[in-house]
Amino acid sequence: MNHPTLSTSRPFRIGFVPLTDAAPLIVADALGLFARHGVMVTLSPEAGWAALRDKLAFGSLDAAQLLGPLAIALAVGAGGLRRRLTVTAGLARNGNTVVLSPALAAAIGGADMPLDAHRLAEAIHARTEEGLPPPTLAVVFPFSSHNYLLRHWLAAGGLDPDHDVRLVVVPPPRVARALADGAIEGFCAGEPWGSHAVANGAGRFALATGDIWPDHPEKVLAFGEGIAAREEDAVIAITAAVIEAALWLDDPANLPAAARLLQDRAFPELPLSTISAALEGRVAAAPGQASRSLAAPMRFATATCPQRAEAAAWLAAMRRWGHAAADEAEALAPWRSDLWERAAARVSPRPAMGRAIPSPLLSLPLESDA
Amino acid sequence: MGGVHLRVLLIDTDANRANEVQIGLELAGFQVVAVSSDTVDLVGRVRESRADIIVCDLDDPSRDALESMRVLNRDEPRPVVVFASRGDADQIEAALEAGVAAYVVEGLAPARVRPVLEVAIRRFRAFQALRAERDEARATLAERTVIERAKGILMQRRRLSEADAYRLMRRWSMDRGLKMVQLAEEILIDK
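Rules behind the numbers
Residues numbered from 1 in each chain as written. Chains lettered and ligands numbered in written order. Predicted model: local features only at pLDDT ≥ 70, side-chain atom pairs only at ≥ 80, totals over all residues. UniProt positions renumbered as here; feature names shortened; annotations may be inferred. Domains from an automatic or database assignment. Contact = placed C-beta atoms within 7 Å. Helix = DSSP H or I, 4+ residues; strand = E, 2+ residues; numbered from the N terminus. Nonpolar A, V, L, I, M, F, W, Y, C, P; charged D, E, K, R; others polar. Buried ≥ 20, exposed ≤ 12 C-beta atoms within 10 Å, placed from the backbone.

The name recorded for chain B in an unreviewed UniProt entry is Response regulator, from Neoroseomonas lacus.

An unreviewed UniProt entry lists chain A under the name Nitrate ABC transporter substrate-binding protein, with Neoroseomonas lacus as the source organism. Recorded in UniProt for chain A, the comment headed Subcellular location (unreviewed entry) runs: "Endomembrane system".

J.: Just checking my understanding: could you explain the domain arrangement of chain A for this structure?
T.: Put simply, an interface is often sized by how much accessible area is lost when its parts join up. All names here are of chain A. The assigned domain composition of chain A is domain 1 (12-93 + 216-250 + 299-369) and domain 2 (96-213). If you average the C-alpha positions of domain 1 and of domain 2, the two centres end up 26 Å apart. Taken together, the 26 residues of domain 1 in the interface contact 18 residues of domain 2. For the side of domain 1 that touches domain 2, the secondary-structure elements that each account for two or more residues are helix 4 (68-76) and helix 15 (308-320). The biggest single contributor to the side of domain 1 that touches domain 2 is helix 4, with four residues. Here the side of domain 1 that touches domain 2 is composed, by residue class, of 17 nonpolar, seven polar and two charged.

J.: Would you take a moment to explain unusual backbone geometry for this structure?
T.: Among all residues save glycine, negative phi is the norm, and among peptide bonds the norm is trans. A cis amide bond links A:Met113 to the next residue, A:Pro114, at an omega of -5°. As for its position among the elements, A:Pro114 is in the loop between helix 5 (102-108) and helix 6 (117-129). The omega torsion of the bond from A:Glu191 to A:Pro192 falls at 10°, within 30 degrees of zero and hence cis. By secondary structure assignment, the location of A:Pro192 is in the loop between strand 8 (186-190) and helix 9 (193-199). The phi dihedral of A:Asp215 falls on the positive side, at around 60°, and the residue is not glycine. By the element assignment, A:Asp215 lies in the loop between helix 10 (209-212) and strand 10 (220-223). Positive phi, close to 55°, is recorded for B:Arg159, a residue that is not glycine. Turning to its location among the elements, B:Arg159 is positioned in the loop between helix 6 (140-158) and helix 7 (162-175). A residue is classified by how many C-beta atoms lie within 10 Å of it, and B:Arg159, with 11 of them, is exposed.

J.: What's the story with the UniProt feature "modified residue: 4-aspartylphosphate" (unreviewed entry) in chain B in this structure? I'm lost.
T.: All names here are of chain B. The sites that UniProt annotates as "modified residue: 4-aspartylphosphate" (unreviewed entry) are Asp57. Residue placement: aspartate 57 occurs in strand 3 (residues 53-57). Here aspartate 57 is in contact with Asp12 and Phe83, once residues within four sequence places are set aside.

Pasting the structure below:
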């Protein structure tokens, strides 16, 4: 690798939320990959998505790990704030789990994993007949893959996500405690928080989001408005370092080191075994039970190319639930596979494009067709 | 808004800082109705507090839940003023222009806080009025809800997949010359 230090070598501030899929950023920093590509980077841990978004929008962060649907929301001004970000890489595929309280899991009874939403629907209808309120389930942000994948799964089971359950937002590091406290009866959140809730007895594993849409794209690397145009070379260098980190992460030999790095930088409060299991895509249904491998575990290397065709599924979901009604070209404009191509050309071996199974979120007829 | 005491819900996970901010807000003439920190049922607390405006720190994790109240349009959204301890003047101006939720003020100097909160409330109301007009024009949210509920009933009653239930409703609506939403309403009444 022979990349001279860039003349514009100001430090870039990159935000992340403590989640397993922040791994490519944490690894790129810890292994010195940013420096090898000639850029200075400071990683900044953030408490939640609203804080991270605002810092990215108002310039106190230059780039961040971001929810794909949040980049769309910013592009079309769906949350009130409008910013044209630049998405130059995907950080992971899959990697979220749906976890239910032991009581709700018991009400559903012995069911195969991944849980069929019809089984949850039966349990909820039985509760409704007893005059009990619908269960409260948490997602991590309104404009999130978690929200849209969970809604799709619920609807496929005949449940109306806006009536038959109560959906609330709880930041990822708090979901396990909210479940233990009885404030929520289930959640869909990024790992390792689901594994943590199962390991400490607060929850029972129901399914992974990769069971809903196998190999769905997850978080992205997004740059603040205008940065890619002004400092293109640095943006490509940062992207190349993240791609290299993703390749390193997909080598099983590096898993123990990756788990230790994540513990150091993101989850000092969690045991190494929980973080390793999350990285490997192994889950136990209940504490003490033997773990099994997920059909679609977290992937890094095949996630890096940001693809509009995949992001279109988030836009379809946002339209379905009335969260955005926007022009597709405008909504997906942040996804820049051309910048990824130029970054990938600096990495050896050149990473594969990667492709998800066609999204079920795109296969449903939309009400607007009626 | 002049003479009226605006009710402020202050959310802060840091009790010491919350205390300082509360004193500042009261000096600026606000009625601080609740100080809630680390609350899981934030939506319930916001509703109970009957607050006119919510004030919280840029880095407070509660902000994600507040965001959901605004986006999901279901739980009487309130204007939110976000304050940051750091940040330069340019950033603050940009935040004010964005006009909806994220008003970033440098600290909470009593002299500065009152106009910022009042502007936040006015802009928020204007935005809500715009949104209400837009929603009325489309009326999609209500129609969608009715259609989703009717579909759920059909799926349960006839053990159909979601796509099959939708196709069935679509066929019925075409056969009978009804709009999807009218048919869905009939299904709900029959329930």
